[in-house]
Amino acid sequence: MIDHVLGRPSVKSRRLQVLGVLAFWSVYLYRGNRHGPSPIRSLSKLSSKTLTTWQTVVFTMMYLYAARNFSTLVGLASPEPMANMYDATYFRATWVLTALDAGFWTAMKIRKQWLRDIASVVFSLFYLVAAERADEKVRKVRGMLTVEHMRVSWNKGTTPILNALQNLMRPRFTRWPPRAIRIPRPSTSDYKDPVSGWLYYDGPISDLEHISKVILDIPGGGFVAMDPRCNDDKLFAWAGKTGLPVLSLDYKKAPEYPYPYALNECFDVYTTIVKSRGRCLGMSGRDVPKVVVTGDSAGGNLATAMTLMVIETATAKRRPSQMPEELPAPAGLLLLYPALDVNIGNWMSDEQMALIKDRRMRVTNKNYLKRKKMQYNDLVGTPHQSDDEDDLPSAQMSAPKTADDSTRDKALRNPNPEFSHASPQTWSKSAPSTTPPQENGQSLSHHPEPMRTRLAMSSMISYFNDRIITPEMMRAMIILYIGPHNRPDFSQDYLLSPILAPDALLERFPKTYFLTGERDPLVDDTVIFAGRLRRAKHAFHSHQTSQGMKGLPDVTDFDEKDVAEVVLIPGISHGFTQFPTLYPPAWKLIERCARWAVDLLNAAEMQEKREERRKARHHARTDSSGDEDRPLEINMTRLRGRTTNGTSKTKSEKTETSDASEEEEEGGVNGTSGRRKKRANGRGGMKHRSRSLVRLSSSEDLLGRRMQELAGPLTGLQDAD
């Protein structure tokens, strides 16, 4: 109370207050009457006749407990904000995590390492019982958050006691432990120090010579904490379920290495894997390995931005500092609750709401959109009037734009700040005034514009009281990640906020799986980015179809599931794959992610085989067309070339045999299609009338027979039937 009276609340003032109270009562007990002042002495004599010392102590504790919870007893307690926030299983997990955070933050000032580890667990057990004290402790710490607090909280799983408990409770997925590995930088990088990582693989390193697939994981941690060993549960499960090597990067963390150092590390590792053909991991190096990139939270930001950098190497929009050669895009991405927008905004824009309300995504976004609509209703307690206005902006946003190709190309290569939560950078695009006309024409009153989309808050503000990630934590992450010497353009830098990526890059973006909690403060990033991917891909395919570009293999019926698949888990928030021991349903979600990674790699392998067959057929057609430019050759062989005993064959028959064998070989590659082609050419077992000509397939065979009919009577060498 003293610090409040002084108007300067501080920990030091409260410490002096506690010491003052303890000193006063200690002196009184030592110097004063042992039975208390006179009114208390008479009460003490009466109570000592009916109550024992034990009963007096218990009665006093009961009185203090009842006084502390008086408002709850009489129905005057404040509402519980967590009542309907999460499902029961996830809430229990957050209860344990909050107690652990409070305990570890309480003991973080202890200097002795072994004593700090023990005290952290002891304090955490206390906060498990005193849950409200834990909430209060965590709330105050997050109000004055530092990078040390964040690292203590997020790296607590690597402490000896908690790590031992996790190892005991984790199922055994692999027989081999993870190996520390260092990936060298490519020659095109500005940096020379290698990148650290951990390789999870259930087998000896020598077995990697027979594998050409790899999962590249970029862990989260707010850009400031959490190495791969904090994600052992997920990474062990992926390595065991897929049977593939999982490389998890231990990139340098902010604030010591601010943006874009970690992004360049991820890009350099991907470049080294591709250019070395996997030899940096122990692979044979015969083929370029297929890579699936995964990332959670801040790692999802880095994974997406790295993929955009890779795609840039294959486009005209290449930065001068980039390498001259093209890099193949990953086989696919797997993003878990990614942080794709570093702009913390309050309100959803019309463009964002149009993406969310897309009719094709209403099943996936049903519950998520319902909570958006109920935000105003929860505050005022009145129902909404109508939902008809929800369809207007979506139709307007999806309407085709009439512009020439140059304008379209220019628009595609510019970032899209309208999909970010950043404030508008200019006021030049303000809508024309729609104020109703007044009779006198002199009114200066402000009137609201007609409603296009209902007012909706961003998920970061809607779930500001989340128990895992709060706006204060996001603010600290962004400040630390950007650093004190950077001033990026938040409305243009799509490598910092991938949600701003231009459509020209999204058109080439590989298939992406999204897995996010429905109550996650970052769920907007997932839904908006997935919507932008679908829209950019659909526009690209429509443009190619309208231009008649049907020859490309990917210009077929557009399927949105080939672009992005979004799974929103109801009743949960952020980081659920990092603590499956506390949240058991996360094991099934981790297994689902492993299946997705395998599906992406298998799909990429099948696509590569189809591309190779297509190139082989194209090469064969090119060779065949080249023969047409040669002079016409007519083989006129006399009937004496035939032998009655059938023991000898003419040269033309040998050529026919070789041609037939080539067709059979082609049929073996293409399956039954080769056999059908063989029958269509009239070679399915029928005897040839003349063996004197080299019979070619299709039009060339027809030309040969036609020239034989013309030249035979002139030369006198025509074969008799």
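For the structure itself, look to the data block above.
Residues numbered from 1 in each chain as written. Predicted model: local features only at pLDDT ≥ 70, side-chain atom pairs only at ≥ 80, totals over all residues. Heavy atoms only, no water.

Caption draft 1: Seen up close, the sheet that holds strand β3 (residues 213-218). If you trace the eight strands from one edge of the open sheet to the other, you get β1-β2-β4-β3-β5-β6-β7-β8, paired in mixed fashion. Single-partner strands in this sheet number two, and they are β1 (179-183) and β8 (564-569). Averaged over all adjacent pairs, the angle separating strand axes in this sheet is 20 degrees, with direction ignored. The pairing of strand β5 (residues 290-296) with strand β6 (residues 332-336) spans five bridges and is parallel. Looking at β6, one finds that Val293 is bridged to Leu333. Those strands touched by helix α12 (residues 261-275) are β1, β2 (195-200), β3, β4 (246-249) and β5, and its axis lies near 150 degrees from that of β4. (Pairing = 2+ DSSP bridges. Helix = DSSP H or I, 4+ residues; strand = E, 2+ residues; numbered from the N terminus. Axes fitted to C-alpha atoms, helices over the stretch in contact; angles between N-to-C directions. Contact = heavy atoms within 4.5 Å.)

Caption draft 2: Focus on helix α4 (residues 53-68). In this model, α4 (16 residues) spans 23 Å end to end at C-alpha, consistent with the 22 Å of a helix rising 1.5 Å per residue. Among the 16 residues in α4, zero count as buried, and that is only a small part of the element. (Expected span 1.5 Å × (residues − 1). Buried < 20%, exposed > 50% of the residue type's maximum accessible area, 1.4 Å probe, protein only.)

Caption draft 3: Quick look at the environment of Glu132. In this fold, Glu132 is placed in helix α8 (residues 131-143). Among the residues examined, Glu132 registers a relative accessible area of 67% and is labelled exposed. Residues Glu132 and Ala99 lie 33 residues apart in sequence; the distance between their C-alpha atoms is 9.6 Å.

Caption draft 4: Summary view of unusual backbone geometry. Geometrically, the link from Ala254 to Pro255 is a cis peptide bond, its omega value of 5 degrees lying close to zero. Tracing the chain through its elements places Pro255 in the loop between β4 and α12. A cis amide bond links Tyr259 with the next residue in sequence, Pro260, at an omega value of 10 degrees. In this structure, Pro260 sits in the loop between β4 and α12. In this structure, Met226 takes a positive phi of about 70 degrees despite not being glycine. Relative to the helices and strands, Met226 is located in the loop between β3 and α11 (232-242). You can call Met226 buried: its relative accessible area is 6%. Look at Tyr337: it is not a glycine, yet its phi comes out positive at around 35 degrees. Topologically, Tyr337 is positioned in the loop between β6 and α14 (350-356). A relative accessible area of 0% means that Tyr337 is categorised as buried.

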